[in-house]
Amino acid sequence: MQTATEATGAGAIVAVGDALGSPDHRFSDDCLVFAGMGDIHIHARDDVSEAETYKEDFTTAARAALHGGVVHVADAAFSLDDQAGTVTADIALAIPTIIGARLRMPQLDLDAYRLTAEALSGLVPPATAPSGTETASGEIEPPLFDITAALDQVIYRGEPARKVDAHVEIRGNRLSLRHVGIGALLGAQLEIAGSVDDYGTAPRFDLTWRGTLPDTDRMLDYAGLPRFTHGAIGAARLSGRAAGTLREASLSGFSLDMLGTTITASGRVAFGDDLRFDFPQWSLATPDIGRLVAVAVGSPYRPMVEIQASGVFRGDAREATFRGDLSIGGMPLSGELSSTLDGRPRIAASLQARQELRLARWLPAAPASGAAEAVQAWATRATPERAADWPSVLKGFDGTISLTAPAIAWGPYTMSDFAFGARLQNARLGVERLSGTLEGAAVSFSGTIDATRSPVALSLDGSLRDINVPRAIAIAHTANDFGTDDLAVAIEGRLSFLDLALRAEGETLEALDGQTYAVTPEVCVIADSSGAIGLGGVMGGERNTVHVVSATGVENWPTMGKDEVALRLAGRIALHLGPPRSLKAAD
């Protein structure tokens, strides 16, 4: 029986029978026709070092296989520079040719291959050709390599990346990453997908990624990326998309969660020594900015306020600037913030409030009682749960601040047309302007707040003009009614203080060891009516108040140092003994 085949232009057998028409080729009766064979055990290699070019490589093995009718190679154990592995491959004879491979290796040491850009360029085809069955020069489109790899460990830059699985496609000079997963690199889990054009010459990438980093600081150092902080970041999660080159890329859908803060960004980034970034869309949200501030300035963590910000964020390796809207503790603001990124931070802030600012989240509760009780309330005030330790914060950076608001409110007190300007240098805040209208009175002050001292010292000079006296008495919750049963007096009118000085600092104690100690609510002291005179159970004070009790009454001496006390006591004793006398010895 005679058999014939009908074939398509691509060479595929579509029918077998006795009456299929005139055959294109007639085989002799002693010839057997089979489908493409598979060789499940071959040995081929890619000798990048070119030390053993006499051995069979994948190119010569593939040509020999196709010439002999072998279209499938499988389960071939190999050794790549003493790095063992297995591979299964399938070859589809079509246009373009499709070569599928499944690679399995226990370890791949990429550090063993240090290819220069010139060497890598010589190993890959030219830039990606236009789509179609033929290139612009008329050459057949390059084959498609569809590779699935499972690697127990990949060594790169001296660190092992474990449990690496990848599905990639290579056609010409285009690398498509269907999926690349890294189970653990410095503890991090990473997933990457996308494409890289001209990967062997001038790579142009379009990649999406997501990852979980238990140690962000270590990963930044590993990747050779700059760090803009003065403390440890710790764990982080990130995701996004980047498209561009190794010099510049556009970023979209970027999201970073770290230190209890979520940051999103879209824009452009330039890499290398001339690092620059420009994000027209940028946002930050955190229920507590304290952790981020502590890491940024290198200070201990203390709880602070909720922050939300959105706007434009741009800068370089030396300085960054934000311009847009932000909410601090629920209070809306807008303006510009900038900070240096190298060395001690220097921050400049120019902010405007669109509505009344309420300071209850920032400051202790305002006293709401009479004048005498108000002083006691301030002395024993409670700190809000989210209030910042501002003295510690001020020690962490230098800078300038400008803040304006239609009004600020603190308890029952409201100051309208508020304006504040100050300059911070080495924990000393120079207040250049503090002005507004408080219950109808014009307020204007300038001075310093010194956070280098413990407790913080405040010195302000200025004026209060046109104080409405009845209104001021009412605010103090005191009756405007003075005098006796026979004569009652109410005060009316306005009052101005043109040269007003405000001084405030916590009580301190100079002890016998010559050291000055801050007297805080946590410190136990020995005191008399003049104040603290010694640290309880620790050390006496350098200054004392003496009361001399005699038959004629009590003499109160002013507070003085111990040396002066000793001299005065010695003088009193000498005076009591009387004038000096001459003594004559008896015969």
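Residues numbered from 1 in each chain as written. Predicted model: local features only at pLDDT ≥ 70, side-chain atom pairs only at ≥ 80, totals over all residues. Heavy atoms only, no water.

**Comments concerning the overall build of the protein**
- Counting secondary structure elements, the protein contains eight helices and 38 strands.
- Across the protein, every contact between residues at least 6 apart in sequence was considered, and the portion connecting residues at least 24 apart equals 43%.
- On the protein, roughly 35,400 Å² of surface is accessible, and the fraction owed to carbon and sulfur atoms is 57%. (Helix = DSSP H or I, 4+ residues; strand = E, 2+ residues; numbered from the N terminus. Contact = heavy atoms within 4.5 Å. Areas by Shrake-Rupley, 256 points an atom, 1.4 Å probe, with all protein chains shown as cover.)

**Describing the pairing of strand β23 (residues 413-425)**
- Two elements, strand β22 (residues 398-410) and β23, share 11 bridges in a ladder whose sense is antiparallel. Across the sheet, residue threonine 404 finds its bridge partner in β23, namely alanine 419.
- Joining the antiparallel neighbours β22 and β23 is a turn of two residues, in which glycine 411 adopts a positive phi near 60 degrees.
- Here nine bridges tie β23 to strand β24 (residues 428-438), and the two strands are oriented antiparallel to one another. When the bridges of β24 are listed, methionine 415 appears paired with leucine 438. (Pairing = 2+ DSSP bridges.)

**Observations concerning helix α3 (residues 216-223)**
- Turning to α3, its buried residues are Thr216, Asp217, Met219, Leu220 and Tyr222.
- Those residues of α3 that are buried lie in contact with β8 (144-156), β9 (159-171), β10 (174-185), β11 (188-197), β12 (204-213) and β13 (236-245).
- Immediately beyond the C-terminal end of α3, within one or two residues, lies glycine 224, with a positive phi of roughly 70 degrees. (Buried < 20%, exposed > 50% of the residue type's maximum accessible area, 1.4 Å probe, protein only.)

**Some words on the pairing of β11**
- Both β10 and β11 contribute to a ladder of eight bridges, which runs antiparallel. The partner of isoleucine 182 across the bridge, within β11, is leucine 190.
- Between β10 and β11, which follow one another and run antiparallel, lie two residues, and leucine 186 among them has a positive phi close to 55 degrees.
- Pairing geometry for β11 and β12, over nine bridges, is antiparallel. Paired with serine 195 across the bridge in β12 is aspartate 206.

**A word on the environment of aspartate 450**
- One can find aspartate 450 in strand β25 (residues 441-450).
- Separated by 21 residues in the primary sequence, aspartate 450 and leucine 429 have C-alpha atoms spaced 6.3 Å apart.
- Excluding residues that lie within four positions of it along the chain, aspartate 450 makes contacts with Ala427, Arg428, Val456 and Ala457.

**Regarding unusual backbone geometry**
- Of note, aspartate 417 is a non-glycine position whose phi angle comes to about 50 degrees, a positive value.
- One can find aspartate 417 in strand β23.
- Taking the relative accessible area as the measure of exposure, aspartate 417 reaches 55% and is therefore exposed.
- One non-glycine residue with positive phi stands out, namely asparagine 426, at about 50 degrees.

**Here we look at helix α4 (residues 290-297)**
- When α4 is considered as a whole, its buried residues turn out to be Gly290, Leu292, Ala294, Val295 and Val297.
- Residues of α4 that are buried make contact with β14 (248-258), β15 (261-270) and β16 (276-286).
- Following α4 by one or two positions, glycine 298 adopts a phi angle in the positive range, close to 75 degrees.

**Examining the pattern of salt bridges**
- Following the criterion strictly, the structure yields 18 salt bridges and no others.
- The partner of arginine 314 in a salt bridge is aspartate 278, with the nearest N and O atoms 3.1 Å apart. Placement of the pair is arginine 314 in strand β17 (residues 307-316) and aspartate 278 in strand β16, with a sequence separation of 36 residues.
- Looking at arginine 314, the relative accessible area reads 36%, which means it is partly exposed.
- A relative accessible area of 31% places aspartate 278 in the partly exposed class. (Salt bridge = Lys/Arg side-chain N within 4 Å of Asp/Glu carboxyl O.)

**Some thoughts on the environment of leucine 256**
- Examined against the element boundaries, leucine 256 turns out to sit in strand β14.
- For the pair leucine 256 and glycine 211, spaced 45 residues apart in the sequence, the C-alpha separation amounts to 9.8 Å.
- The contacts of leucine 256, once residues within four sequence positions are left out, are Ala236, Arg237, Leu238, Thr261, Thr262 and Ile263.

**Section: the side chain of glutamine 153**
- Within the element layout of this structure, glutamine 153 appears in strand β8.
- The class for glutamine 153 is buried, based on a relative accessible area of 17%.
- Setting aside its immediate chain neighbours within four residues, glutamine 153 contacts Pro106, Gln107, Leu108, Pro160, Ala161 and Arg162.

**A word on the nonpolar core**
- Within the largest apolar cluster, 64 residues are counted, with the highest numbers of intra-cluster contacts made by Met258, Phe279, Trp282, Leu333 and Leu357.
- In terms of nonpolar packing, the next biggest core, distinct from the first, is built from 13 residues, Val154, Val164, Ile182 and Leu213 among them. (Core = buried A, V, L, I, M, F, W, Y, C linked by side-chain atoms within 4.5 Å.)

**Describing the packing of aromatic side chains**
- Enumeration according to the criterion identifies four aromatic pairs in this entry.
- Look at phenylalanine 277 and phenylalanine 279: their rings are 5.9 Å apart centre to centre, the planes differ by 25 degrees, and that puts the pair in the stacked class. A single burial state applies to phenylalanine 277 and to phenylalanine 279, both of which are buried.
- Joined through ring pairs, the aromatic side chains of Phe277, Phe279, Trp282, Phe313 and Phe322 make up one cluster.
- Lying over the aromatic face of tryptophan 557, arginine 568 brings its terminal NZ or CZ to 4.5 Å of the ring centre. (Phe/Tyr/Trp six-rings, centres within 6.5 Å; stacked < 30°, edge-to-face > 60°. Lys NZ or Arg CZ within 6 Å of the ring centre and 35° of its normal.)

**Digging into a nonpolar patch on the surface**
- Residues Leu32, Phe34 and Met37 make up a contiguous nonpolar surface patch of roughly 360 Å² in combined accessible area.
- Along the chain, methionine 37 turns up in strand β3 (residues 37-39).
- Given a relative accessible area of 41%, methionine 37 falls into the partly exposed group. (Patch = residues over 30% accessible without salt bridge, like charges linked within 9 Å, V, L, I, M, F, W, Y side chains within 5 Å.)

**Section: the side chain of threonine 216**
- Mapping threonine 216 onto the fold places it in helix α3.
- A residue is classified by how much of its surface remains accessible, and threonine 216, at 7% relative accessible area, is buried.
- Residues within four places of threonine 216 in sequence aside, it is in contact with Ile233, Gly234, Ala235 and Ala236.

**Here we look at the confidence of the model for the protein**
- Residue-level pLDDT values for the protein average 76, and 68% of them are 70 or greater.
- By mean pLDDT, helix α5 (residues 371-379) is the weakest element of the protein at 43, and β16 is the strongest at 95.
- The model gives residues 369-388 a pLDDT under 50, and that stretch makes 29 contacts with residues more than four places away or in other chains. (pLDDT = per-residue confidence, 0-100.)

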